[in-house]
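Chain residues, written in single-letter form:
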Amino acid sequence: MIVKKILLGKLLLIVAVALSVWLSYIPDQPYHQPTAETAQQNFHVIEFNDEGKMHLPEQWQALQARITQTYQGPAPELLIFVHGWHHSAQPQDENFVAFQHFYQQMSKRDPQRNLLGLYIGWRGDKFDPLFLDGSTDATSTLEPLDFPTIFQRKRVAKKVGQTGLSQLLDQLDQLVEQRKMQRYVLVGHSLGGAMALHASKDRVKAAIEQQKDNPNLFILLNPAVNAKEYQPLDTLLSLDRQKPSMVVLQSKGDFAVKEAFNYLKDGERAVGNSWAITHDI
């Protein structure tokens, strides 16, 4: 009788966990439908699916129309943010809200600058199991349990970076070369940093090898990238030593890339926790 109760209890637990995972499925869908007014706005969103394709090409078309319209003042600059793990382009997502506020602050500081904002959205989580909801709390003891979900999302981030985001940067590079835009700054956080690295490293390498000045800047914040992925860039120097092409910033308190990432990747070091460190602040 006791054995049956134990088995029944285990079965109920398995069913509860399975239901929690199944019910927490997050669809691969866009959250921002462009309208006729979008092309006149200064803040834009472009969303990619798990295959690295734009959900809505009209989002890019609206941004392109905004960039290329006739100006009386300086050509626009573009500030881009790529979110990471656990986040999306949902209007209530804390990363989306925070970047909107940050962009607004930047644009208000210098209204003559013609600064545009672009938020890159993708499915940062495929499932968000109810029993792992502590992942949104930096002090939660459940965070380590949630960590293995990063690897499926890391493969997607790399794919989107190498395909959709890279193709978008190709388009932006053309606008910079045509002087329809001054430059862009791409900021990627966590898995967004991995996406940004894979979208940018070949163009950074090519620009340096061809002795071309690169007006754009790539900033990786706590990137979920192992040192081997970054290492080919370590030997490259920009033409102007005072104007780097890429900056990597790593918090020593980031559990995911400092501790768990290293253990789960069989001793591979995260880029911000390796020989790649050049300065401590």
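1. Focus on the side chain of Asn49
- Within the fold, Asn49 resides in the loop between strand S1 (43-47) and helix H2 (57-68).
- Classification of Asn49 by relative accessible area gives buried; the value is 17%.
- One polar contact links the side chain of Asn49 to the main-chain amide nitrogen of Glu51, over a distance of 2.9 Å.
- Asn49 has contacts with Asp28, His55 and Val160, leaving out every residue within four places of it along the chain.

2. Section: helix H6 (residues 191-209)
- Given a rise of 1.5 Å per residue, 19 residues ought to cover 27 Å, and the 27 Å separating the end C-alpha atoms of H6 matches this to within 8%.
- Its maximal kink placed at Ser200, H6 deviates by approximately 40°.
- Across the 19 residues that make up H6, a large majority, 14, are buried.

3. Overview of the nonpolar core
- Core analysis: the biggest nonpolar cluster contains 42 residues, and Leu78, Ile120, Leu168, Leu172 and Tyr184 have the highest contact counts within it.
- Counting only elements with at least two residues in this core, the list comes to H2, strand S2 (77-82), strand S3 (115-121), helix H5 (150-177), strand S4 (183-189), H6, strand S5 (217-221) and helix H7 (227-234).
- Looking at this core element by element, the count peaks at 11 residues for H5.
- Ala89, Tyr103, Val185 and Val187 belong to the second-largest nonpolar core, a separate cluster that totals 14 residues.

4. Some remarks on the pairing of S2
- Extensive coverage of S2 is indicated by the burial of 6 of its 6 residues.
- Judged by which residues are buried, S2 turns out to be covered on both faces: Glu77, Leu79 and Phe81 on one side and Leu78, Ile80 and Val82 on the other are all buried.
- Across 6 bridges, the pairing between S2 and S3 is parallel. Considered in S3, the bridge of Leu79 is made with Gly117.
- Between S2 and its parallel partner S3, the chain crosses via helix H3 (residues 94-109), and the hand of that crossover is right-handed.
- Pairing analysis gives 6 bridges linking S2 to S4, with the strands arranged parallel. Residue Leu78 lies in a different strand from S4, and its bridge partner there is Tyr184.

5. Some details on the packing of aromatic side chains
- Counted according to the given criterion, the structure contains 8 aromatic pairs.
- Each ring, one from Phe96 and one from Tyr119, has its centre 5.0 Å from the other, and the planes form 80°; the classification is edge-to-face. Here Tyr119 lies in strand S3 and Phe96 lies in helix H3, a separation of 23 residues in the sequence.
- Given the relative accessible area of 4%, Phe96 is considered buried.
- Using a relative accessible area of 0% as the deciding quantity, one classes Tyr119 as buried.

The rules behind these values
- Residues numbered from 1 in each chain as written.
- Predicted model: local features only at pLDDT ≥ 70, side-chain atom pairs only at ≥ 80, totals over all residues.
- Heavy atoms only, no water.
- Helix = DSSP H or I, 4+ residues; strand = E, 2+ residues; numbered from the N terminus.
- Buried < 20%, exposed > 50% of the residue type's maximum accessible area, 1.4 Å probe, protein only.
- Polar contact = N/O pair within 3.5 Å; in protein donor to acceptor, adjacent residues only side chain to side chain.
- Contact = heavy atoms within 4.5 Å.
- Expected span 1.5 Å × (residues − 1).
- Bend = angle between axes of the 7 residues up to and from the residue.
- Core = buried A, V, L, I, M, F, W, Y, C linked by side-chain atoms within 4.5 Å.
- Pairing = 2+ DSSP bridges.
- Right-handed = clockwise from strand over helix to strand, strands pointing away.
- Phe/Tyr/Trp six-rings, centres within 6.5 Å; stacked < 30°, edge-to-face > 60°.

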